[in-house]
Amino acid sequence: MTAAAATIPSTRPKGSQIVLIGGLVAGTLDLTAAFIVSWLRAGVSPVRVMQSVASGLLGAAAFTGGAKSGVLGVVAHFFIATVWTAVFYFASRRLRFIVDRPVLSGLIFGVAVYVFMNFVVIPLSAVPPRATPVPLSGRIIGLLVIMVCIGLPIALIVRRYSEREPGSTS
């Protein structure tokens, strides 16, 4: 190590910064995937996707709220992604194996997020009931998106910033 490198203090992010980074990255990946999948499967616009997120708070009124309800959906989406990052981060402080095996942990976490959001949060929210059940293909695509765009990046980000300092024995 050079003398200059030895004098530079560590700039390892704090827990809150890790959570914010994870929420931003996972939220962006998931949002992008939602836009692409919704457009490819049903021609749904990004604003409509975000209104559907806002419908968890506003109910059917979100779909007539224009850009305002779309913006609310974006804010709600990133808030949710940040909360899931916080859940994983705090779990990683207690369960070291999830940091040591981020790919497996992240994919499993993605399954847990999908199940909790789709079978607990959405039914308890103001989202209007669907006229038809979600097809199996939609469930599979949704599960894979959450695993890859939420669980995996959160786990990898937490791992990246949780690695022990060189020479550390803790």
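This is a predicted model, so every value here is computed, not measured. (Residues numbered from 1 in each chain as written. Predicted model: local features only at pLDDT ≥ 70, side-chain atom pairs only at ≥ 80, totals over all residues. Heavy atoms only, no water.)

What the largest pocket holds in volume is close to 1800 Å³. If you trace the largest pocket, you find 47 residues lining it, with Ser 52, Val 53, Asn 118, Ile 122 and Arg 130 closest to the centre. Elements represented by at least two residues in the lining of the largest pocket include exactly helix 2 (15-42), helix 3 (46-58), helix 4 (66-94), helix 6 (102-124) and helix 7 (136-162). In the lining of the largest pocket, the residues fall into 32 nonpolar, 10 polar and 5 charged. (1 Å grid on protein atoms, 1.4 Å probe; cavity = no way out; pocket = protein on both sides within 12 Å on 5 of 7 lines; lining within 4 Å. Points joined across faces, edges and corners; volume = space filled by probe spheres on them. Helix = DSSP H or I, 4+ residues; strand = E, 2+ residues; numbered from the N terminus. Nonpolar A, V, L, I, M, F, W, Y, C, P; charged D, E, K, R; others polar.)

We now examine the packing of aromatic side chains. In the structure shown here, the tally under the stated rule is 5 aromatic pairs. Aromatic side chains Phe 88 and Phe 109 sit 5.1 Å apart centroid to centroid with 65° between the ring planes, which places their arrangement in the edge-to-face category. Of the two residues, Phe 88 is situated in helix 4 and Phe 109 in helix 6; the sequence distance between them amounts to 21 residues. What links up through ring pairs into an aromatic cluster is the set Trp 84, Phe 88, Phe 109 and Phe 116. (Phe/Tyr/Trp six-rings, centres within 6.5 Å; stacked < 30°, edge-to-face > 60°.)

For the pair helix 2 and helix 3, interaxial distance at closest approach is 9 Å and the crossing angle is 120°. The pairing of helix 2 with helix 3 is recorded here as oblique in orientation. For helix 2 against helix 3, the interelement crossing comes out right-handed. Residues Leu 31, Ala 34, Phe 35 and Ser 38 of helix 2 form the contact with helix 3, whose own contacting residues are Pro 46, Val 49 and Met 50. Split by residue class, the contact of helix 2 with helix 3 holds 6 nonpolar, 1 polar and no charged. (Axes fitted to C-alpha atoms, helices over the stretch in contact; angles between N-to-C directions. Parallel < 35°, antiparallel > 145°, perpendicular 65-115°, else oblique. Left-handed = near helix turned anticlockwise from the far one by under 90°. Contact = heavy atoms within 4.5 Å.)

With that settled, consider helix 2. With 28 residues, helix 2 extends 39 Å between its outermost C-alpha atoms, agreeing within 8% with the 40 Å of an ideal straight helix rising 1.5 Å per residue. If you check which residues of helix 2 are buried, you get Ile 18, Val 19, Gly 22, Gly 23, Ala 26, Gly 27, Asp 30, Leu 31 and Ala 33. Along its buried surface, helix 2 packs onto helix 3, helix 4 and helix 7. The positive-phi residue at the C-terminal boundary of helix 2 is Gly 43, with phi of around 70°. (Expected span 1.5 Å × (residues − 1). Buried < 20%, exposed > 50% of the residue type's maximum accessible area, 1.4 Å probe, protein only.)

To continue, consider the environment of Gln 51. Tracing the sequence through the fold places Gln 51 in helix 3. Among the residues examined, Gln 51 registers a relative accessible area of 5% and is labelled buried. Placed 18 residues apart in sequence, Gln 51 and Ser 69 show a C-alpha to C-alpha distance of 5.5 Å.

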